[in-house]
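Summary of structural features
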Amino acid sequence: MIYALAIVVLLIILIAVLLNLNVIIKAGYDKEKQVFRCTVHYLWFKFVIAPEEEKRTKKRKKVKQKKSDEEKKTKKSKGDNTALDFVESFRDIVKGIWKLLGSFLGRTILKKLTLKLTIAGEDAAQTAITYGWANSIVYPIVGAIVECVEEYEDLDVSITPDFSEEAKSDVIFEAVLKTRVTKIIAVLLESRKETEGLISAFSKK
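Since the model is a prediction, treat every value here as computed from it, not as a measurement. (Residues numbered from 1 in each chain as written. Predicted model: local features only at pLDDT ≥ 70, side-chain atom pairs only at ≥ 80, totals over all residues. Heavy atoms only, no water.)

This paragraph deals with the nonpolar core. One finds F86, V87, F90, L115, L117 and F173 to be the most contacted residues of the largest nonpolar core, which totals 41 residues. Elements represented by at least two residues in this core include exactly β1 (22-30), β2 (35-42), α4 (82-96), α5 (98-105), β4 (109-119), α6 (124-148), β6 (170-180) and α7 (181-190). The contact partners of L115, leaving out residues within four places of it in the chain, are F86, F90, V138, V142, D156, V157, S158, I172 and F173. (Core = buried A, V, L, I, M, F, W, Y, C linked by side-chain atoms within 4.5 Å. Buried < 20%, exposed > 50% of the residue type's maximum accessible area, 1.4 Å probe, protein only. Helix = DSSP H or I, 4+ residues; strand = E, 2+ residues; numbered from the N terminus. Contact = heavy atoms within 4.5 Å.)

Time to look at the packing of α4 against α6. Packing of α4 against α6 leaves a shortest axis separation of 10 Å and a crossing angle of 40°. When the axis of α4 is compared with that of α6, the two are oblique. Every pair of crossing elements has a handedness; the one defined by α4 and α6 is left-handed. On α6, the residues touching L84, V87, E88, F90, R91 and V94 of α4 are W133, A134, I137, V138, I141 and I145. When the residues that make up the contact of α4 with α6 are grouped by side-chain class, the tally is 10 nonpolar, no polar and two charged. (Axes fitted to C-alpha atoms, helices over the stretch in contact; angles between N-to-C directions. Parallel < 35°, antiparallel > 145°, perpendicular 65-115°, else oblique. Left-handed = near helix turned anticlockwise from the far one by under 90°. Nonpolar A, V, L, I, M, F, W, Y, C, P; charged D, E, K, R; others polar.)

Further remarks concern the pattern of salt bridges. Applying the stated rule across the entire model yields six salt bridges. The residue K111 makes a salt bridge to E153 at a minimum N-O spacing of 3.1 Å. With K111 in strand β4 and E153 in strand β5 (residues 151-161), the pair connects residues that are 42 residues apart, well separated along the chain. Residue classification places K111 among the partly exposed residues on the basis of a relative accessible area of 27%. (Salt bridge = Lys/Arg side-chain N within 4 Å of Asp/Glu carboxyl O.)

Turning our eyes to something else, we now look at the packing of aromatic side chains. Ring pairs (aromatic) are described by centroid distance and by the angle formed between their planes. Going through the model one piece at a time under the given rule, you end up with nine aromatic pairs. An angle of 35° between the planes, with centres 5.3 Å apart, marks the rings of W44 and F45 as tilted. Look at W44 and you get exposed, because its relative accessible area is 71%. Its relative accessible area of 39% is what places F45 among the partly exposed residues. Aromatic rings pair up to connect Y29, F36, F86, F90 and F173 into one cluster. (Phe/Tyr/Trp six-rings, centres within 6.5 Å; stacked < 30°, edge-to-face > 60°.)

The mixed open sheet is built from six strands, whose spatial order is β3-β2-β1-β6-β4-β5. Two strands in the sheet have a free side with no partner beyond their single neighbour: β3 (45-50) and β5. Shown here is a sheet whose adjacent strand axes are inclined to one another by a mean of 15°, direction ignored. By the bridge criterion, five bridges tie β2 to β3 in an arrangement that is antiparallel. Opposite T39, over in β3, you have V48 as the bridge partner. Against the sheet, α4 contacts β1, β2, β4 and β6, and its axis sits at roughly 140° relative to β4. (Pairing = 2+ DSSP bridges.)

Taken together, the side chains of I7, L11, L14, L18, L43, W44, F45 and F47 make up a nonpolar region of the molecular surface, amounting to roughly 840 Å² of accessible area. Residue assignment for the nonpolar patch shows that the elements contributing at least two residues are α1 (2-19) and β3. Of note, L11 is situated in helix α1. Residue L11 is classed as partly exposed on the basis of its relative accessible area, which comes to 47%. (Patch = residues over 30% accessible without salt bridge, like charges linked within 9 Å, V, L, I, M, F, W, Y side chains within 5 Å. Areas by Shrake-Rupley, 256 points an atom, 1.4 Å probe, with all protein chains shown as cover.)

Structure below.
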């Protein structure tokens, strides 16, 4: 009886310890495939959250081809480039799952956020327009994220226009978050439906 009780107590302690261990979440952007990547690291385990599989990229390309002529003209006027695609995807993801994301961020520490965009259009006018448009979207989103997290440590965000003749747009995005298992469980219990939307959004973008 004493041994059984001791085992139960040890199991409870073990579970309590495991639930309070840190979970590291890493996010990035593959500019070649134009998809966001997200992995969760716990102990020696690594879980890939997005993209789920390569077919998500193919599906996204098919959806892009079905855009209306009006959307295509708007995109062309802003400069069709890597940085533009990133900003559009970044905006859509955050907008689509902000309720869940805000709740989650409120229980995390932002260890690192690096977001560097180089804006380059077909000419100086388009570069300037796209630069202003990107600023109006990126900085408010980053500001909202920083306001939500418990604390942040390494923050490096910049948007730079390149007016040279051989200019090329570029994207560098990396985010590292730290939280605990108990906090993740709390978020999942609060919003189950939104959780599915988060995984789906990351996988499709």
